[in-house]
Amino acid sequence: MKRRLVSLTLAALLVLGLTACGGKKQNATIKVGATPAPHAAILEVAKEILAEQGYTLDIVEYDDYITPNTSLEDGSLDANYFQHITYMNEFNAENGTHMVSAAGIHYEPFGLYAGKTAALADLQDGAQIAVPNDGTNEARALLLLEQEGLIKLKDGVGLSATKSDIAENPHNYEIMELEARLLPTTLQDVDMAVINGNYAIDAGLKVSDAVAVEAADGAAAEAYVNVLAVKEGSESSAGIQALVKALQSDTVKTFIEDTYDGAVVPLF
């Protein structure tokens, strides 16, 4: 009888092992940090896909760009989905974190939105133009202003541009540096503002209403691809790969295209 019980126990363990290594991953939770729109909304679509594979996707929402990275670094999160690759790389360099991209998912064109002034042609000398104050996004905003002929930057500054790199500002526009999440709420108080895609979406702003939009064929689409970020060493884990596959599915692509009207561009 004892030998039979041992055999049954071994058989049960073998079945459990095959289940864990095989198709479905039972009772596995993937905890991902995200800003509300579009990232958390996109993750909600991926959540349904993952549920069919036995994964539970736990989505934690943040309203800033720092906490989801520190939480990923300290192990509170398995991944985050809110930032572009340039921001991630600079955050690593400045903070000693160890994030890598598991996959590029989408691109959010920056838009220049009208505040007190409705059109570029109506901007007066000394007009106030607000831009994000964090390094990579400020450079991106200044490049958009240069694209539209409002300022000229020093040669070669590219993605490292700051206000001090403005070589020509013939109309003496006041470039106001503000925290990215505050730009939509400040729009009514300035002439125009360059606003990050996710915060524009949160505020109900449509990229089709922007007075100017980042060129999709420029360096921005590559430099500012939004990535699924993970801590180095976990990018090949089964759970993360399942999440990547879900995020790059036709279901998610259709959701993005139908929901965001060009404000979010899938890169798969």
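What counts, and at which threshold
Residues numbered from 1 in each chain as written. Predicted model: local features only at pLDDT ≥ 70, side-chain atom pairs only at ≥ 80, totals over all residues. Heavy atoms only, no water. Core = buried A, V, L, I, M, F, W, Y, C linked by side-chain atoms within 4.5 Å. Buried < 20%, exposed > 50% of the residue type's maximum accessible area, 1.4 Å probe, protein only. Helix = DSSP H or I, 4+ residues; strand = E, 2+ residues; numbered from the N terminus. Contact = heavy atoms within 4.5 Å. Pairing = 2+ DSSP bridges. Axes fitted to C-alpha atoms, helices over the stretch in contact; angles between N-to-C directions. Phe/Tyr/Trp six-rings, centres within 6.5 Å; stacked < 30°, edge-to-face > 60°. Left-handed = near helix turned anticlockwise from the far one by under 90°. Expected span 1.5 Å × (residues − 1). Nonpolar A, V, L, I, M, F, W, Y, C, P; charged D, E, K, R; others polar.

Can you tell me about the nonpolar core, naming the residues and giving the values?
By size, the foremost hydrophobic cluster in this structure holds 60 residues, and its most contacted members are Leu 43, Leu 228, Leu 243 and Leu 247. Here this core takes eight residues from helix α2 (residues 36-51), the largest share from any one element. Contacts of Leu 247, omitting those with residues within four sequence positions, involve Ile 42, Leu 43, Ala 46, Tyr 81, Ile 105, Leu 228, Val 252 and Phe 268.

I'd love a proper account of the side chain of Asn 226, names of residues and values included.
Here Asn 226 lies in strand β12 (residues 226-231). Setting aside residues no more than four positions away along its own chain, Asn 226 makes contact with His 39, Phe 82, Gln 83, His 84, Ala 103, Gly 104, Ile 105, His 106 and Glu 108.

Run through the sheet that holds strand β2 (residues 55-61), naming residues and quoting values.
Taken in spatial order, the six strands line up as β2-β1-β3-β12-β4-β13 in an open sheet, and their pairing is mixed. Single-partner strands in this sheet number two, and they are β2 and β13 (265-266). Where strand β4 (residues 99-107) and β13 come together, two bridges link them in antiparallel fashion. What sits directly across from His 106, in β13, is Pro 266. Across the sheet, helix α4 (residues 85-95) is in contact with β3 (79-84), β4 and β12; its angle to β3 comes to roughly 110 degrees.

Talk me through the packing of aromatic side chains; I want residue IDs and the actual numbers.
Under the definition given, this model contains six aromatic pairs. Geometrically, the ring pair formed by Tyr 65 and Tyr 199 is stacked, given 5.4 Å between the ring centres and 20 degrees between the ring planes. Here Tyr 65 is found in the loop between β2 and α3 (67-73), whereas its partner Tyr 199 is found in helix α7 (residues 197-202), with 134 residues between them in sequence. Neither residue differs from the other here; Tyr 65 and Tyr 199 are each classed as buried. With a centroid separation of 6.1 Å and an interplanar angle of 40 degrees, the aromatic rings of Tyr 87 and Phe 91 are classed as tilted. Here Tyr 87 and its partner Phe 91 are both found in helix α4, four residues apart, which amounts to about one turn of the helix. Here Tyr 87 matches Phe 91 in class, with each residue buried.

With reference to specific residues and values, describe the packing of α2 against helix α10 (residues 250-260).
Running from amino to carboxyl end, α2 crosses α10 at an angle of 145 degrees, the nearest separation of the two axes being 10 Å. Crossing geometry of α2 relative to α10 is assigned as right-handed. Seen from α2, the contacting residues are Pro 38, Ala 41, Ile 42, Val 45, Ala 46 and Ile 49; seen from α10, they are Thr 251, Val 252, Phe 255, Ile 256 and Tyr 260.

Any chance you could break down helix α5 (residues 135-147) for me, citing the residues and the numbers?
Here α5 is 13 residues long and its end C-alpha atoms lie 18 Å apart, about the 18 Å a rise of 1.5 Å per residue gives. Buried within α5 are the following residues: Thr 136, Asn 137, Glu 138, Ala 139, Arg 140, Ala 141, Leu 142, Leu 144 and Leu 145. One or two steps after α5, the chain reaches Gly 149, where phi turns positive at roughly 80 degrees.

How would you explain the packing of α2 against helix α9 (residues 238-247) if you had to name every residue and give the values?
Remark: α2 packs on α9, axes separated minimally by 9 Å, with the N-to-C direction vectors making an angle of 115 degrees. Crossing of α2 against α9: the hand is right-handed. Contacts between α2 and α9 involve Ile 42, Leu 43, Ala 46, Ile 49 and Leu 50 from the former and Ala 242, Leu 243, Ala 246 and Leu 247 from the latter. Of the residues in the contact of α2 with α9, the class split is nine nonpolar, no polar and no charged.

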